[in-house]
Amino acid sequence: MSTKQNYYQERNLKTLDKIDDLLTELPYFCEDYLRGIETRTSTLTRLNYVYDLRIFFDFLTKKKYRGKEIRDLTLEDLESVTDTDLEIYLSYLGNYRFRDKRLSCDERAKARKLSTVRSLYKYFFNKGLIEVNNTSKVATPKLHEKEIIRLETNEVNSLLDTAEFGSGLSRHASGYHEKTKIRDSAILTLFLGTGIRISELVGLNDESIDFSNNSFVVTRKGGNQAILYFSEEVGDALAAYLAQKEEDPRVPPEEHALFLSLQYRRITVRAVENLVKKYAKIVSPLKKITPHKLRSTYGTTLYRETGDIYIVADVLGHKDVNTTRKHYAAITEDKRRSVAEKVHLRDKDD
């Protein structure tokens, strides 16, 4: 078994352990539900479902079945939940308390949590274990289109320059910059030059990179593998980082992870998020730039250059092209602006 497989297998095992821990807090029937959807969902998806259901059952014991423990809820209790109860739940999510924390959900979070509850009800309704499914009577919260936040070309240049030269960093951050600048530049270049997901990036190994074809293998959502290609510019950044690693005697010979932390272990998702935030807030302080926004920046640039939404969807790994179209439809604003002067109402000679 390759080290790449080991990484994703270990991540899945940790996720399954977390699900098992959380199931001890939930009603008995949740285990049956998760087993029933196992073949068509990822472990991370099921973990998010468990988090959502924990909020839902906490609501029920606070507002409908007062005095009952979450573990004691039954399928009969589930069946007795009305569409009005569910509408109250959606309203509740706007401002609620869970484990002594004050929380709130926006329209998208509410829609996702409702979708989770619908999935639970649909499973038991289809199994014939409940006779009423009132979730179908509840309207999904209206979702407003979010503006795509991305970096413009000049901001991309500034971001890469900041990672390379460290200008604008705090004194504390500057102290680490000399050690990490080649790695950080390679990470940012890879995001901006390929549109790779953060989970895919941290899962890369040294042997994932094929410089003969300027390509690398990633494990996408659902566990499928795909080959992505990169430019010479991306290749140069990766080669510089790999050369630095080869010259560093502190890199453990048994560690195959491509991107390493200062502790010489596979870099974490949180660490990558922090380094992107560190450089981006210098370059574009008014934009909340995340690794996903760098992915959006790449997708926007690729769409502008090719005009082919299907290529963008394929490269980004979107299963549904409508997902891509929804995210990058705002680019048509650029096209509308560019054609504004194309139509003349009078002959210029008049």
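**Observations regarding the overall build of the protein chain**
Scanning the protein chain for helices and strands turns up 15 helices and 5 strands. The buried share of the protein chain, reckoned over its 350 residues, is 43%. Accessible surface, the protein chain as shown: approximately 20400 Å² in total, 49% of it carbon and sulfur. Measuring between centres, the 58 positive side-chain charges of the protein chain sit 5 Å from its 53 negative side-chain charges.

**Let's talk about the sheet that holds strand β5 (residues 225–229)**
If you trace the 3 strands from one edge of the open sheet to the other, you get β3-β4-β5, paired in antiparallel fashion. Edge strands, defined here as strands with exactly one partner in the open sheet, are β3 (209–210) and β5. Sheet topology places β3 next to strand β4 (residues 215–219); 2 bridges connect them, and they run antiparallel. Residue D210 lies in a different strand from β4, and its bridge partner there is S215.

**Details of the environment of T116**
With respect to the helices and strands, the residue T116 is situated in helix α6 (residues 107–126). For the pair formed by T116 and F56, sequence separation is 60 residues and the distance between their alpha carbons is 9.5 Å. Those residues in contact with T116 that sit more than four places away from it in its chain are Y33, Y49, D52 and L53.

**Focus on the nonpolar core**
In this structure, L159, L190, F191, L201, F216, F259 and L294 are the most contacted members of the largest nonpolar core, which totals 44 residues. Listing elements by their share of this core, those giving two or more residues are α1 (3–23), α7 (153–165), α8 (171–194), α9 (198–202), β4, α10 (232–247) and α11 (269–283). It is α8 that provides the largest number of residues to this core, a total of 7 residues. Once residues within four sequence positions are removed from consideration, L159 is found in contact with L151, L188, L192, Y279, A280, V283 and L294.

**Some details on unusual backbone geometry**
Phi at D100 takes a positive value of approximately 65 degrees, unusual for a residue other than glycine. With respect to the secondary-structure elements, D100 resides in the loop between β1 (96–98) and β2 (101–103). A relative accessible area of 71% means that D100 is categorised as exposed. If you check the backbone angles, Y264 has positive phi at about 60 degrees while not being a glycine.

**Here's the deal with the packing of aromatic side chains**
Taken as a whole and judged by the stated rule, the model has 15 aromatic pairs. For the pair F211 and F230, a centre-to-centre distance of 6.2 Å together with 75 degrees between the ring planes defines the contact as edge-to-face. Of this pair, F211 sits in the loop between β3 and β4 while F230 sits in the loop between β5 and α10, and the two are 19 residues apart along the sequence. Residue classification places F211 among the partly exposed positions, given a relative accessible area of 35%. Look at Y241 and F259: their rings are 5.3 Å apart centre to centre, the planes differ by 20 degrees, and that puts the pair in the stacked class. Here the residue Y241 occupies a position in helix α10, and F259 occupies one in the loop between α10 and α11, the gap between them amounting to 18 residues. Exposure remark for Y241: the relative accessible area of 3% places this residue in the buried category. On the basis of relative accessible area, F259 is assigned to the buried category, the value being 2%. Ring pairing ties together the aromatic residues Y28, F29, Y33, Y49, F56, F57, F59, Y89, Y92, Y96, Y123 and F124, which thus form one cluster. We note K68 situated over the ring of Y65; from NZ or CZ to the ring centre the distance is 5.8 Å.

**Some points on the layout of surface pockets**
Estimates place the volume of the second largest pocket at around 420 Å³. Taken together, 18 residues form the lining of the second largest pocket, with V156, L192, G193, E233 and T301 sitting closest to its centre. Secondary-structure elements contributing two or more residues to the lining of the second largest pocket are α7, α8, α10 and α12 (291–306). Counting residues per element, the lining of the second largest pocket draws most heavily on α12, at 6 residues.

**Regarding the environment of V234**
By the secondary structure assignment, V234 is in helix α10. Separated by 77 residues in sequence, V234 and I311 place their C-alpha atoms 19 Å apart.

**Quick word on α8**
For the α-helix, the turn length of 3.6 residues means that residues three or four positions removed from each other point alike. At T180, α8 shows its largest bend, some 70 degrees. Once α8 finishes, G195 follows within two positions and takes phi at roughly 75 degrees, a positive value.

What counts as what
- Residues numbered from 1 in each chain as written.
- Predicted model: local features only at pLDDT ≥ 70, side-chain atom pairs only at ≥ 80, totals over all residues.
- Heavy atoms only, no water.
- Helix = DSSP H or I, 4+ residues; strand = E, 2+ residues; numbered from the N terminus.
- Buried < 20%, exposed > 50% of the residue type's maximum accessible area, 1.4 Å probe, protein only.
- Areas by Shrake-Rupley, 256 points an atom, 1.4 Å probe, with all protein chains shown as cover.
- Lys, Arg positive; Asp, Glu negative; His and termini not counted.
- Charge placed at Lys NZ, Arg CZ, Asp CG, Glu CD.
- Pairing = 2+ DSSP bridges.
- Contact = heavy atoms within 4.5 Å.
- Core = buried A, V, L, I, M, F, W, Y, C linked by side-chain atoms within 4.5 Å.
- Phe/Tyr/Trp six-rings, centres within 6.5 Å; stacked < 30°, edge-to-face > 60°.
- Lys NZ or Arg CZ within 6 Å of the ring centre and 35° of its normal.
- 1 Å grid on protein atoms, 1.4 Å probe; cavity = no way out; pocket = protein on both sides within 12 Å on 5 of 7 lines; lining within 4 Å.
- Points joined across faces, edges and corners; volume = space filled by probe spheres on them.
- Bend = angle between axes of the 7 residues up to and from the residue.

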